Each structure stands twice: as structure tokens, then as C-alpha cells.
Amino acid sequence: MNPAISSLVWPWRRRPEQPAGLHLLTALNNIHAVGGVVIRELYRRKDFYVLFVLTALITLVMGSVNFFNEDRIVRYLKELCLFLIWVSGLVIAVTTAARQIPAEREHRTLFPLLAKPVTRAQVLLGKFWGCWLATGLALVVFYVFFGVVSGLRERQLPLDSYWQALTLHWFMLGVVCALALLGSLVFAAPSSTNTITLVVVTGILLLGRHLNKVALSLPEPWQTVVYGLYFVIPHLELFDVRDLVVHNWGAIPWGIWLAALGYATVYAALLLGAACWLFRRKTLN
Amino acid sequence: MAEPILRIENLRVEYRSKDLGQRTKVAVRDLNLSVYPGEVVGFLGPNGAGKTTTMNVLLGFLPPTAGDAFLFGVSVRRPIARQRIGYLPELTYYYKFLTAEELLRFYGKIFRIPARQLAQRIDWVLNLVELEPVRRRLIKTYSKGMQQRVGLAQALINDPDLLILDEPTSGLDPIGRMKVRHIIQQLKRQGKTVFFSSHELGEVETVCDRVAILQAGELKAEGRVTDLVQQHQCANLEQVFLKIIGYHEPSDQLTGMAVAQAA
């Protein structure tokens, strides 16, 4: 090892040799530290509280009304509550992730940060980790509220279904966070990133599953293009198990659940890889 | 002589010009400079001379077009080279939603300073920059001078051997400037190496052991302040600086024009 480098490692303990795995440990430490700042930012801002209060208010008002003495009305209440959770989760994930890098550049906080022994990739992964964790924490709050409301009305709590819905939703938002971070490196303004990411994600959620059918009705070369698009885009609609929860249809097989989480992980990794590559090539001034 | 802490070798930085008809612009031209342990070196030059660009290369923000720079013998292209440095940017902005203490804890974590030592270090730097009483206040409530001192505190959190300060007193009132100057002098007494750019030539003269004067990306002069003053037969560093960059006072220029017109 270069003696100059060994004198730089661990200045607080001045170890003569770099221990094995220090690079990975350092990277994880840096990613975790950057992520911590993102979470702190989320709970010091008002976005999350506003969305939670809105969701809670709408759900509680709807839940307190008993339409036509109909017991099955609880399904509509659950549907509405889950819809609000999906919208709120998406808004939190996109707005949090989209502003991270532009805000760091605009406020020039990126410079003292990058002047520390931290790489751009670690900063980006730290931002992702923070956004993903922050949206996860928000989702836990939302789903606990949902569980309490539906449990009180239905007098049953299918925890396995709720757990699957929460985790699938969280991993789906991981892909969304990665997409928003990548977008924030392509588009300069956070507002453009917000809009474009929301449009793309909503488009995938609504139209993603139909693209193959649409492709069949198109002439060449559009058929190939749309068909290719169908295979390239992350199918976020696969993570939407709201119907299973609303109608109490039971949990999906755990193998499929695990495969879906793997699918989201692969897509998030690909998007983050592209974002890291872009960020490394960006000129900072 | 000791090994230099900071070494710049034939550094050249070019960037794409925004001017029509000009493809590239040279920001730094074949710069060679060394800074030795315990020195306080002033990096001077008019606006656009290439000081900040050089610092950006030293900090790994900008890749050099040619040449290289080394910190503690390690190329600046490697992040590990920044382990023992502290950096204060010209325009200091920090996370406004954090308190000074939280900000320092965050940066301390990046250096992997153990928790107990980090707590002691935070106390020490906040005392040094006189922000101890407001350590739990959000940074967004700080004045500009206080924000600059938070900047100094974060630059010192890892007990760096080399401090790179980009115009540390820019935009500060006289008291703020005095405080920052006092801190630099204190660090000098502790044997820290400081490399800083400034337009406050009086301050540079007071604090620095050596200066390097850059103009249009080229190193025009380098040496001890007293030697440069003697060499250029000037009264102070400001005159040396103006002479080296070839600046003439407007009154001289007007007189010269009037004489030319009369002739």
C-alpha cells in the first residue's frame, strides 16, 4: 500500500495498515451519514405532516359516516384510505428525492461535503438511502393509521396482507426515488423533475400493463418501439396490491412477494447506477 | 527540507468557452506550487485569475486538463487525499434545517470520528469560533458572520493538518474579519498549514508567511512577503500586487491620456 495513503487512513487512530473491508465500511458509513441528514430534513419540513393530517382527516370523516346502514361501506373507506396513502407516498418520495441534488448545488452545500473524503457516488447513494428510508417511515405511519381505522371497523387485522402491501409499496417507492434522483441530474429545476417523474410514474401505473396490447395495434416501427418500452420500463403496477387488502383476498405467495422485491431492487440499482454515472461526469462550479 | 503537504505540478485547467469564436479558455496555465508543513500561504490574484479553479482541482471538484496536484503525497483525484484537510468555501451556506452541533456531528461522522472524541471536538471548535452559546439554534437563524464561523468550525472538525480557505473574510464586517483572522493566527500557532485566497491584502500581509500571486491563470510571483516587497522596491504587499498584475490607478491613466492628447 502507498505509505502516503496509509498515513491518511484513520487519522484518529493512525493505523499503520488499512484493514480489509475498510473501503466498504467507509462507503456505508458515508451513505448512512448523508441519509441521516435527508431524514432530519423531512421531519423538520412540513410536507409530511400536511399530507398525513389530510389523509387522516379525509379518512376519519369518511369513516365516521355510515351510508345507508351498509356494512360493506368499510371497503370503500379502505379503498379511499389506501388511495390517499398511495398519492401521499408518491408525492413525498418524488418531492423529497427530486430536490436533493439541485438544492445541494443551489445552496452550495455540496462543496464542503465533497471536500470531505466522500465520493459523489456515496453522496448520491446516501441521498437515495435517506429518501427511501424517509418515505418508509412515512409509510409506516400511514399504514399504522390505516390498520387502526380498518381494524376498528372490520374487527379483524390481516397482518400478513398489510405487511406485504407496505413492503411492496415501499420498494416501489424505492424505484420512484431512484428515478427522481436520476431526473434531478438530467433536469436542472426540481419543479421539472417533480412534474416529469410524477407524469412518468402515473403513466406507468395506469398504462404500463396495457403497452403490449397497444403495441399490437400499431404499425411498424412503432410496434417494436412500444413493445420494447413495455419490456424496459419498471412495471410499478405489479406492486399495487390494494385490491387484495380492500377485499380481504388474502396475502400473495411469499415467493412472489420476494421476487417482486428483487425486481424493484434491480430496477432501483440500474437507475442509481445511471445516476451515479451522470453525477460523476457533471461539472461542479 | 520537509516534504510538501500540498504540491501542484504543471497544472493546466481548460474549459469550454462561452464566448463566440473561442473554443476553450485556459483557467490555469502550467502552475507549479508547493506548500510546506506549518506554513500560512496566501493565494492572491484579481477576480478570474484562477484561484478558485485551482482550489476546485485541489478539492477534487474539477479534473485537471493536464498536470496533477497532490495532498500529503496522494493525488487529489483520490477521495482519501481529503482525509486530513479542512475546506472553507467562498460563499458559505450550510443545511439551514440543522443546528451547528448537528452539522458538525454529520461532518464528524464522515471522518469516522468516534462518538466521545467527536463530542469533545465539537465543544472545542464551537468554543474556538465563539458559537458555543448558539450551538442548538438552527443555522438559518445565524447572521452571515456566524455562518462563516460555522464554516470554519466544519473545516476544523477533523483536526486537519491543512486548511484550504477560499476568501474566508469575504463579505464580513470588520469584527467578523478580525475574529476570522484571529482564528487563522491561532491555528498558525498550533502549527497548522493554511492555504488561503483573499483580496484583503493587509490581512494577508499580517498572517501569511508566503504568498503566490496568480494572474490570468499564470503564477506571476511567489515568495515571502518581505522578500517580494524588497525585490519590487515597494512599500507594502498591495503595491507589489498592483505592480505585478500591471494595474495603473485611473488618475494615472487619465493624466497619461491628457498628456498624450496635449502632445
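Here the structure is a predicted model, which is why all the values come from computation and not from measurement. (Residues numbered from 1 in each chain as written. Chains lettered and ligands numbered in written order. Predicted model: local features only at pLDDT ≥ 70, side-chain atom pairs only at ≥ 80, totals over all residues. Heavy atoms only, no water.)

Looking at the packing of aromatic side chains
How we decide: Any Phe, Tyr or Trp ring, taking Trp's six-membered ring, that has another such ring centre within 6.5 Å forms a pair; planes under 30 degrees apart are called stacked, those over 60 apart edge-to-face, and the others tilted. Note on exposure labels: buried denotes an accessible area under 20% of the residue type's maximum, exposed denotes more than 50%, and partly exposed covers the range between, all computed with a 1.4 Å probe on protein chains only. Charge over a ring is defined by NZ of Lys or CZ of Arg lying within 6 Å of the ring centre and within 35 degrees of the ring normal.
Per the stated rule, a full pass over the model turns up 19 aromatic pairs over all chains. Measuring from ring centre to ring centre gives 5.1 Å for F106 of chain B and Y107 of chain B, while their planes differ by 35°; the resulting arrangement is tilted. Side by side, F106 of chain B and Y107 of chain B carry an identical accessibility label, which is buried. The positively charged end of R242 of chain A is found above the aromatic ring belonging to W86 of chain A, 5.1 Å away from the centroid. The cationic tip of R7 of chain B hangs over the ring face of F70 of chain B; the distance from NZ or CZ to the ring centre is 4.4 Å.

A word on helix α3 (residues 115–128) of chain B
All names here are of chain B. Test applied: Numbering goes from the N terminus for both helices and strands, where a helix is a DSSP run of H or I of at least four residues and a strand is a run of E of at least two. Any helix carries an expected span of 1.5 Å times its number of residues minus one. Note: the arc covers the axis-to-C-beta directions of the helix.
Over its 14 residues, α3 extends 20 Å from the first C-alpha to the last, a length consistent with the 20 Å expected when each residue adds 1.5 Å. The complete set of buried residues in α3 reads L118, R121, I122, V125, L126 and L128. The buried residues of α3 all sit within an arc of 150° when viewed along its axis, so they share a single face. Those residues of α3 that are exposed and aimed more than 90 degrees away from the buried face are R116 and Q120.

Topic: the sheet that holds strand β2 (residues 24–35) of chain B
All names here are of chain B. Our working rule: Two strands pair under a simple rule: DSSP has to find at least two bridges between them. Two residues qualify as a contact provided that any one of their heavy atoms is within 4.5 Å of a heavy atom in the partner residue. Note on geometry: axes are C-alpha line fits, over the in-contact stretch for helices, and angles between N-to-C directions span 0 to 180 degrees.
The strand order β2-β1-β4-β5 describes an open sheet built from 4 strands, whose pairing is antiparallel. In this open sheet, the two edge strands, each paired with only one partner strand, are β2 and β5 (74–75). Along the sheet face, helix α1 (residues 51–58) touches β1 (6–16), β2 and β4 (66–71) and points at about 115° away from the line of β1.

Things to note about helix α4 (residues 144–156) of chain B
Residue and element names in this part refer to chain B. Along its 13 residues, α4 runs 19 Å from first to last C-alpha, staying within 8% of the 18 Å computed at 1.5 Å per residue. For α4, a buried count of 11 out of 13 residues is recorded, marking the element as mostly surrounded by other parts of the structure. Of all the residues in α4, the buried ones are M146, Q147, Q148, R149, V150, G151, L152, A153, Q154, A155 and L156.

Regarding the packing of helix α2 (residues 100–110) of chain B against α4 of chain B
Residue and element names in this part refer to chain B. Basically, it comes down to this: Every angle not falling under 35 degrees, over 145, or within 65 to 115 is termed oblique; those three ranges are roughly parallel, roughly antiparallel and roughly perpendicular. Crossing handedness follows the turn of the near helix against the far one: under a right angle anticlockwise gives a left-handed crossing, and clockwise gives a right-handed one. Under this grouping Gly is polar, as are all residues other than the nonpolar Ala, Val, Leu, Ile, Met, Phe, Trp, Tyr, Cys and Pro and the charged Asp, Glu, Lys and Arg.
Taken N-terminus to C-terminus, the directions of α2 and α4 make an angle of 30°; their axes are 9 Å apart at the nearest point. Classed by the angle they form, the pair α2 and α4 counts as roughly parallel. Note that α2 runs across α4; the crossing there is right-handed. Side by side, α2 and α4 meet where A100, L103, L104 and Y107 of the first sit next to V150, A153 and Q154 of the second. Of the residues in the contact of α2 with α4, the class split is 6 nonpolar, 1 polar and no charged.

Some words on the side chain of T193 of chain A
Residues and elements named next belong to chain A. Tracing the chain through its elements places T193 in helix α8 (residues 190–207). Owing to a relative accessible area of 1%, T193 belongs among the buried residues under this scheme. In this structure T193 touches A98, A180, G183, S184 and F187, once residues within four positions along its chain are discounted.

Considerations on the pairing of strand β9 (residues 210–215) of chain B
Residues and elements named next belong to chain B. For β9, a buried count of 5 out of 6 residues is recorded, marking the element as mostly surrounded by other parts of the structure. Taken together, the 4 bridges between strand β3 (residues 40–44) and β9 define a ladder with parallel strand orientation. From the neighbouring strand, G42 faces β9, where its bridge partner is V211. Bridging between β9 and strand β10 (residues 218–224) involves 6 bridges; their strand directions are antiparallel. Bridge pairing in β10 links A212 to E222. Taken together, β9 and the strand that follows it, β10, pair antiparallel across an intervening segment of 2 residues, in which A216 is found at a positive phi of about 50°.

Let's talk about the sheet that holds strand β6 (residues 85–88) of chain B
Residue and element names in this part refer to chain B. Pairing is mixed across the open sheet formed by 6 strands, whose spatial order is β6-β7-β8-β3-β9-β10. A strand with exactly one partner marks an edge of an open sheet, and here the two such strands are β6 and β10. Direction aside, the axes of adjacent strands within the sheet are offset by 15° on average.

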